Amino acid sequence: MIPKNHPRYQSLVLRDKIVKAHKNGILADSGMIAHGRGEAFDYLIGEVTSAPAKEAIRTAAAALLLADNPVLSVNGNTAALAAEEIVELSRFLEAKIEINLFYRTPKRVENVEKVLKKAGASQIYGTDSDNLKYIEGIESPRATASAEGIFKADVILVPLEDGDRAEILVNSGKTVITVDLNPLSRTSKKSSITIVDNIVRAIPLIKEEVLSLKEKDINSLKNILKSFNNEKNLKESLKIIEIKEL
Ligand code: ATP
């Protein structure tokens, strides 16, 4: 039991969730390492949602509202930390949910599916490993997608993604929104909209922005997208990490 007054309480709660998810076969070993990398960056940004992250979140909400076929992609870490929030967001957006695992095994897919169902998801794409398609004909496990989900999507939210896959998705013409605490990762640099924030803070904030932008006309939403520059935003996030004093 982690004492609530512990200075790193939130961070330790998340770590605990990750360890449990690993024990329950939701996370691959590398998922734990990926979490550690994210945790270090979160420490450096002060474990709060920064101004550039807020701008990226608003832009992501606009892109998702403008989408014809939005899909929320879920991997082990996302399922471990934000399953309920993802399911809730999918309802507000009428977006599909797809399981997308880098280290894919039928058992892990089944475990992630259970977590999502427990969180309230009814239809989940990407569960049938035999029926995945290859994006742009690239016969790599990094290019797989379900035919009715990511394969068809025009806008995808892919939190905590791998750089190669992010690149394949962007090159196939999709708008790729990622959540990644590391502004230097290949995923952060390749994606169309990168939210440099912890997934546990970012997803509920995307939902809030979706609610606040929902009544806006298409042109206002398009203007939000037009005024966003991912590279500039990443540079602003990097400035926050700059360590000025002990
Ligand atoms: P890339 O191939 O994009 O350079 P990578 O190899 O550094 O990525 P991966 O292990 O593929 O990293 O993906 C994990 C990414 O997710 C890391 O950049 C890490 O900072 C980030 N991350 C981990 N946990 C969280 C979290 N809770 N919220 C947001 N980002 C996270």
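Just above, that's the structure.
Residues numbered from 1 in each chain as written. Predicted model: local features only at pLDDT ≥ 70, side-chain atom pairs only at ≥ 80, totals over all residues. Heavy atoms only, no water.

Asks: Could you clarify how one ought to interpret the packing of aromatic side chains in this entry?
Replies: Any two aromatic rings considered together are summarised by their centre-to-centre distance and by the angle between their planes. The tally for this structure, following the rule as stated, stands at 1 aromatic pair. Considering the side-chain rings of Phe-102 and Tyr-103, the 4.9 Å spacing of their centres and the 80° angle between planes classify their relative orientation as edge-to-face. On the basis of relative accessibility, which here comes to 34%, the residue Phe-102 falls in the partly exposed class. When its relative accessible area of 45% is taken as the criterion, Tyr-103 is described as partly exposed. (Phe/Tyr/Trp six-rings, centres within 6.5 Å; stacked < 30°, edge-to-face > 60°. Buried < 20%, exposed > 50% of the residue type's maximum accessible area, 1.4 Å probe, protein only.)

Asks: Honestly, the side chain of Asn-75 in this entry has me stumped. Any pointers?
Replies: Relative to the helices and strands, Asn-75 resides in the loop between β1 (70–74) and α4 (76–93). Among the polar contacts made by the side chain of Asn-75, one reaches the side chain of Thr-78 at a distance of 2.8 Å. Non-local contacts of Asn-75, meaning those with residues more than four positions away in its chain, are made with Asn-100, Leu-101, Pro-159 and Leu-160. (Helix = DSSP H or I, 4+ residues; strand = E, 2+ residues; numbered from the N terminus. Polar contact = N/O pair within 3.5 Å; in protein donor to acceptor, adjacent residues only side chain to side chain. Contact = heavy atoms within 4.5 Å.)

Asks: Teacher, can you tell me more about the site of the ligand here?
Replies: Taken together, 18 residues lie near the ligand, and Arg-37, Gly-163, Asp-180, Arg-186 and Thr-187 sit nearest. At a separation of 2.8 Å, an oxygen atom of the ligand approaches a polar side-chain atom of Asp-180. Thr-187 places a side-chain nitrogen or oxygen 2.5 Å from an oxygen atom of the ligand. Compared with its free state, where it exposes 630 Å², the ligand has 87% of that area covered by protein. The cavity that encloses the ligand is the largest pocket. Of all the secondary-structure elements, those providing two or more residues to the shell around the ligand are α2 (29–45) and α7 (186–190). Sorting elements by how many residues they give to the shell around the ligand places α2 first, with 4 residues. (Near = heavy atom within 4 Å. Areas by Shrake-Rupley, 256 points an atom, 1.4 Å probe, with all protein chains shown as cover. 1 Å grid on protein atoms, 1.4 Å probe; cavity = no way out; pocket = protein on both sides within 12 Å on 5 of 7 lines; lining within 4 Å. Sits in = over half its atoms within 2 Å of the grid points.)

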